[in-house]
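# Chains, contacts and geometry: an overview
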Amino acid sequence: MELVVVGINHKTAPVELREKFSFSPKEIADANRLLKANACLAENLVLSTCNRVEIYAVTGHDKDCVDAIKSFLGRFHNMNISDHDDRFYIHRGKNAVGHLFGVASGLDSMVVGEMEILSQIKKAYKDAKSSMATGKVLNRLFEKSFNTAKKVRTETFIGRGTVSVSSAAARLAKKILGNLKDRMAMIVGAGAVGEQLIVYLRKNGIWSILVANRTLEKAKSLAERFSASAIGFEDFKSRLVEIDIVIASTGAPHCIIRKDDILSIMPKRKQKPLFIIDLAVPRDVEAEVNKIDNVYLYNIDDLERIVDENINLRKSELDNCSKIIDAAADNFMAWLVREKIKDEK
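Now for a look at the structure at hand.

Calculation rules
- Residues numbered from 1 in each chain as written.
- Predicted model: local features only at pLDDT ≥ 70, side-chain atom pairs only at ≥ 80, totals over all residues.
- Heavy atoms only, no water.
- Helix = DSSP H or I, 4+ residues; strand = E, 2+ residues; numbered from the N terminus.
- Rg over C-alpha atoms; globule rule 2.2 N^0.38 Å.
- Buried < 20%, exposed > 50% of the residue type's maximum accessible area, 1.4 Å probe, protein only.
- Contact = heavy atoms within 4.5 Å.
- Areas by Shrake-Rupley, 256 points an atom, 1.4 Å probe, with all protein chains shown as cover.
- Lys, Arg positive; Asp, Glu negative; His and termini not counted.
- Charge placed at Lys NZ, Arg CZ, Asp CG, Glu CD.
- Salt bridge = Lys/Arg side-chain N within 4 Å of Asp/Glu carboxyl O.
- Core = buried A, V, L, I, M, F, W, Y, C linked by side-chain atoms within 4.5 Å.
- Pairing = 2+ DSSP bridges.
- Axes fitted to C-alpha atoms, helices over the stretch in contact; angles between N-to-C directions.
- Polar contact = N/O pair within 3.5 Å; in protein donor to acceptor, adjacent residues only side chain to side chain.

All right, on to the overall build of the chain then. What the chain contains, in helices and strands, is 12 helices and 10 strands. What you see for the chain is a C-alpha radius of gyration of 21 Å, in line with the 20 Å of a compact globule of 345 residues. Its C-alpha atoms give the chain principal-axis dimensions of about 75 × 45 × 35 Å. Classification of the 345 residues of the chain by burial places 54% in the buried group. A sequence separation of at least 24 residues applies to 71% of the contacts in the chain between residues at least 6 apart. Summing over all exposed atoms, the chain offers an accessible surface of approximately 15,900 Å²; the carbon and sulfur share of this is 49%. Once the 53 positive and 46 negative side-chain charges of the chain are each reduced to a mean point, those two points are 4 Å apart.

Laid out in structure tokens, this is it:
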């Protein structure tokens, strides 16, 4: 048996391609089950975020299943995988272990040191376990990744002064619109990202915030915790007339804001600037929206260009982080060798 990772991320492919291989929350369970049905795989887990799509797998005896994993990705998304083969990376054995530990610790993130990724990995692990797709190897691997991430976080300064995707979005809004006091914002999508966004918008002086979500109760629950206002998903487009900042982060499989939607409201806004950040993958906002006068659209990849004033401090900690991760990977591989010996007896 061999541990492998097949993936694509923000370093190897733009959002236009990543979104084509992404899995919606509703697709994850089916994806894990279909992968497990592949005779090559003893265990598997699908991790799909705005910045990466990765498949972690334990192969069967004496089988190399990288091609099978890539073929699955192509079939599931109706894509010719060979057209994008150079965008995918493959890690095996200790390199696969070290890769996961680095991802969980925030070292492979768009903003080095951010920890939003850890909660996303925990969710992916929970989903895979629920689908009976993991076993003793991936269960131990992911549990160890959480421990390693905590060790990196507590024993180094990698997290000092970090800028998360949410805080970067708020910072970009301030850069474009200037003083955010008295501005009105709307968050479309009431997940964890939406909650973090409200925190950062509040810090930047925005108190008038609307929350829209397909499930109104979730919108109300989030709004009540932060003294915001909840609206029905079907109403969010009509409210765009009065909004200064829109931040979209839904799990919709298609665009929910199109060019025609924005064109129709701009005369009513008297051409007042509209700032939109699309944090979703697949994207929530049609790219053509950015061609409209006085509309400023940014996607998840644009946030990478935001300068982080503490990046040098965090990079100086990378060696310390790498030592922790390398030691943890060695320990895991020693355990894996012992398990292989047991299986062979």
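Turning to the pattern of salt bridges, a few remarks are in order. Per the counting criterion, the structure on display carries 22 salt bridges. A salt bridge links Glu-16 to Arg-283, with the nearest nitrogen and oxygen atoms 4.0 Å apart. Here Arg-283 lies in the loop between strand S9 (274-278) and strand S10 (295-299) and Glu-16 lies in helix H1 (residues 15-21), a separation of 267 residues in the sequence. Glu-16 gets classed as partly exposed once you look at its relative accessible area, which sits at 36%. Asp-85 is the partner of Lys-70 in a salt bridge, and the nearest nitrogen-oxygen pair spans 2.7 Å. One end of the pair, Lys-70, is in helix H3 (residues 66-77); the other, Asp-85, is in the loop between H3 and strand S4 (89-92), and 15 residues separate them in sequence.

As a further point, take the nonpolar core. Ranked by internal contacts, the top residues of the largest apolar core, which has 38 residues, are Leu-45, Ile-121, Leu-141, Phe-142 and Phe-332. Looking at this core, the elements with two or more residues in it are strand S1 (3-9), strand S2 (41-48), strand S3 (52-59), helix H4 (93-104), helix H5 (116-130), helix H6 (136-155) and helix H12 (318-344). With 9 residues, the single largest contributor to this core is H12. When residues no more than four places from it in sequence are discounted, the contact partners of Ile-121 are Leu-47, Leu-100, Val-103, Ala-104, Phe-142 and Phe-146. With 32 residues, the next largest nonpolar core counts Ala-169, Ala-173, Ile-245 and Leu-303 among its residues.

What follows is about the sheet that holds strand S7 (residues 229-232). Strands pair in a sheet through their backbones, by hydrogen bonds, and they do so in one of two ways: parallel or antiparallel. Strand order across the open sheet formed by 6 strands is S7-S6-S5-S8-S9-S10, with parallel pairing between neighbours. A single partner strand is all that each edge strand has here, and the edge strands are S7 and S10. For this sheet, the mean inter-axis angle between neighbouring strands, taken without regard to orientation, is 20 degrees. As paired elements, strand S5 (residues 184-188) and strand S6 (residues 208-213) share 5 bridges and run parallel to each other. Across the sheet, residue Met-186 finds its bridge partner in S6, namely Leu-210.

Another point: the sheet that holds S4. The strand order across the open sheet built from 4 strands is S2-S3-S1-S4, with neighbouring strands paired in antiparallel fashion. Strand pairing shows two members of the sheet lacking a second neighbour, S2 and S4, which therefore form its edges. In this sheet, neighbouring strand axes are inclined to one another by 15 degrees on average, regardless of whether the strands run parallel or antiparallel. Against the sheet, helix H2 (residues 25-36) makes contact with S2 and S3, and its axis sits at roughly 155 degrees relative to S2, the strand it touches most.

Next up on the list: unusual backbone geometry. Note the cis peptide between Val-281 and Pro-282, where omega equals 5 degrees. Secondary-structure assignment places Pro-282 in the loop between S9 and S10. Phi is positive for Asn-78, close to 55 degrees, though the residue is something other than glycine. The residue Asn-78 is located in the loop between H3 and S4 in this model. Although it is not a glycine, Asp-182 adopts a positive phi angle of roughly 75 degrees. You can see Asp-182 is positioned in the loop between helix H7 (165-177) and S5.

Moving on, we come to the environment of Asp-182. We classify Asp-182 as exposed; its relative accessible area is 72%. When the C-alpha atoms of Asp-182 and Ser-208 are compared, they prove to be 7.5 Å apart, with 26 residues separating the residues in sequence.

Attention shifts here to the side chain of Ser-105. Mapped onto the fold, Ser-105 is located in the loop between H4 and H5. Owing to a relative accessible area of 1%, Ser-105 belongs among the buried residues under this scheme. There is a polar contact of 2.8 Å between the side chain of Ser-105 and the backbone oxygen of Phe-101. Residues within four places of Ser-105 in sequence aside, it is in contact with Met-115, Thr-148, Ala-149, Val-152 and Ile-325.

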